[in-house]
Amino acid sequence: IIQEMANLTDIFAIIDSEHARELCVDQFEIDSIERQFQCRLPDDLKAFYRRYSSVKLFPDEWGPTYRFVPVKDIRPTWIDILGINAEDPGPSNWLTFCDVLDGNYVAIDVISQDSKTNNIIDCFHETFAIPGGSTIVAKSFTEFLDRAILGGGGVPYFVREGNESYGDAFTDCER
């Protein structure tokens, strides 16, 4: 996967100098998300959203490769993929934090956490909530950010040829 992962301070310095970002205006918005979805978000994700309202990695004339949604737009991924009226919505514990701007999203599984990890999931529109169709692309938000920045622009790092994943997120998933 990655030899040595950067820390958040280094990642934030790269974002501040090389990428489009909007600074956070309400540092307590993340607390309302935790109350709304009755979950505890990982510290690294909270640190990100206490610093930024939104970030676009690798913005160019074609658009960014990753758009980190504003805190107010974090919601269960099934709403982004299937719409609010879906009959079988899929996991309610997967929350969208990143739009890869091709109809697909990246989510964090807020139940998969232990002291250092949370599954970060590639939510592909056509295979969402189907066993074998939702790949774990990182084990923490920090790892995801690090790999996204190291991977460069164009297409998300996790869909590139030769990328290794952590397996299927739907296995052992709570619905």
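Our subject is the structure listed above.
These numbers come from a predicted model, not from an experiment.

Reading the values: rules and limits
- Residues numbered from 1 in each chain as written.
- Predicted model: local features only at pLDDT ≥ 70, side-chain atom pairs only at ≥ 80, totals over all residues.
- Heavy atoms only, no water.
- Helix = DSSP H or I, 4+ residues; strand = E, 2+ residues; numbered from the N terminus.
- Buried < 20%, exposed > 50% of the residue type's maximum accessible area, 1.4 Å probe, protein only.
- Arc of directions from axis to C-beta.
- Contact = heavy atoms within 4.5 Å.

(A) Expanded view of unusual backbone geometry. Of note in this structure, F58 is not a glycine but carries a positive phi near 60 degrees. With respect to the secondary-structure elements, F58 resides in the loop between β2 (52-57) and β3 (66-68). For L101, which is not a glycine, the phi torsion comes out positive at approximately 65 degrees. Examined against the element boundaries, L101 turns out to sit in the loop between β4 (94-99) and β5 (105-109). The exposure class of L101 is partly exposed, given its relative accessible area of 43%.

(B) Quick look at helix α2 (residues 29-37). Taken residue by residue, α2 has I30, I33 and E34 as its buried positions. Axial view of α2: buried residues confined to an arc of 100 degrees, hence all on one face. When the buried face of α2 is taken as reference, the exposed residues oriented beyond 90 degrees from it are R35 and Q36. Close packing links the buried residues of α2 with α3 (43-51). In the stretch just after α2, Q38 is the one whose phi turns positive, near 50 degrees.

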